[in-house]
Amino acid sequence: LFDLAGPIDYFVEAEGVKSPTYTLKVVDLPYVQRLELELHFPAYTGLAPRKIEDGGDLAVLKGTEVRVKVTPTMTAKGGQILFQDEVKVPLTVAADSTLTATFKADKDGFYRFELDAPSGERVSASPQYTIDVVNDQAPTVSFSRPGRDTSATAVEEQFVEVKAADD
C-alpha cells in the first residue's frame, strides 16, 4: 500500500468468506532525505578535502576519513550508521536537527542508516550504500614527443613532451 495519508479500515474476502474489519494506522517514520559526505584523504596524498552534496556509494583511498551529515525527513533524536560487519557508529544531533558522524574507510563493504522514530524504536532509514576502498597506484610518466627514435647532433635542440599522471 502506498500514499496512505491516514488510518484506513480493511477486510479480506475470498470465495464468500469475509474476515473481520481491521484498522491500519499510518505512522510517519524518519528517513534520510539528504546525505552530504566530506572526504578527508590521507595526509600523504596532499589532496584537499572534497565535499559530495548528494552522497551515497563511495570509492575512496584506503584510510580516507568520511564525515557524514544527514538531513532527515523529520526530526530524529538520534541514530547510527550500521556497517555490514555489525559495526555501529552513533549519529550526533546538531543544532540544525541534522545528524553527523565520522568514520574511516579501511575496507570494502556496505553501510546504511538507522534513525530513531518518535516512538523510540530505531528504524531503517536509507538504502544500503557500497564502500569501495582503492589502493593508491604508482604515478606514470611517458614521453609523447618525439614519437620515435631521433638522432641529434651536439648543437641541435630537441623538443620533448612528457606526460605525468597520478591517481
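A quick note: this is a predicted structure, and the numbers were derived from the prediction, not measured.

Caption draft 1: Up close: the overall build of the chain. Regarding its fold elements, the chain presents zero helices and 16 strands. Counting only C-alpha atoms, the chain reaches 100 × 45 × 30 Å along its principal axes. Among the 167 residues that make up the chain, the fraction classed as buried is 28%. In the chain, 52% of the contacts between residues at least 6 apart in sequence involve partners at least 24 apart. Looking at the chain, you have 17 positive and 27 negative side-chain charges, and the mean spots of the two groups are 4 Å apart.

Caption draft 2: Structural context of the packing of aromatic side chains. According to the stated counting rule, one finds six aromatic pairs in the structure shown. Consider the rings of Tyr10 and Tyr22, whose centres lie 5.8 Å apart with planes at 35°: the pair is tilted. Placement of Tyr10 in strand E1 (residues 8–10) and of Tyr22 in strand E4 (residues 22–24) is noted, with a sequence separation of 12 residues between them. Given the relative accessible area of 39%, Tyr10 is considered partly exposed. Residues Tyr111 and Phe113 carry aromatic rings whose centres are separated by 5.8 Å and whose planes lie at 80° to one another, so their mutual orientation is edge-to-face. You can call Tyr111 buried: its relative accessible area is 0%. The rings of Phe83, Phe103, Tyr111, Phe113 and Tyr129 are connected pair by pair, giving a single aromatic cluster. The ring of Phe11 carries Lys18 above its face, with NZ or CZ at 4.2 Å from the centroid.

Caption draft 3: Focus on the side chain of Glu36. The topology assignment puts Glu36 in strand E5 (residues 32–40). For Glu36, a relative accessible area of 13% corresponds to the buried category. Those residues in contact with Glu36 that lie beyond four places of it in its chain are Ile52, Glu53, Arg67, Val68 and Lys69.

Caption draft 4: Spotlight on the pairing of E5. Bridge analysis of E5 against strand E8 (residues 64–72) gives eight bridges, and the strand direction is antiparallel. In the strand pairing of E8, Glu36 is matched with Lys69. Strand direction decides the pairing type here: E5 and strand E6 (residues 50–52), joined by three bridges, are antiparallel. Pairing of Leu39 across the sheet is with Arg50, part of E6.

Caption draft 5: Geometry of the pattern of salt bridges. For the coordinates displayed, the defined rule picks out seven salt bridges. A salt bridge links Asp54 to Arg34, with the nearest nitrogen and oxygen atoms 3.8 Å apart. With Asp54 in the loop between E6 and strand E7 (58–61) and Arg34 in strand E5, this pair connects stretches of sequence that are 20 residues apart. Residue classification places Asp54 among the exposed residues on the basis of a relative accessible area of 63%. Judged by relative accessible area, Arg34 falls into the partly exposed class, the value being 31%.

Calculation notes
- Residues numbered from 1 in each chain as written.
- Predicted model: local features only at pLDDT ≥ 70, side-chain atom pairs only at ≥ 80, totals over all residues.
- Heavy atoms only, no water.
- Helix = DSSP H or I, 4+ residues; strand = E, 2+ residues; numbered from the N terminus.
- Buried < 20%, exposed > 50% of the residue type's maximum accessible area, 1.4 Å probe, protein only.
- Contact = heavy atoms within 4.5 Å.
- Lys, Arg positive; Asp, Glu negative; His and termini not counted.
- Charge placed at Lys NZ, Arg CZ, Asp CG, Glu CD.
- Phe/Tyr/Trp six-rings, centres within 6.5 Å; stacked < 30°, edge-to-face > 60°.
- Lys NZ or Arg CZ within 6 Å of the ring centre and 35° of its normal.
- Pairing = 2+ DSSP bridges.
- Salt bridge = Lys/Arg side-chain N within 4 Å of Asp/Glu carboxyl O.

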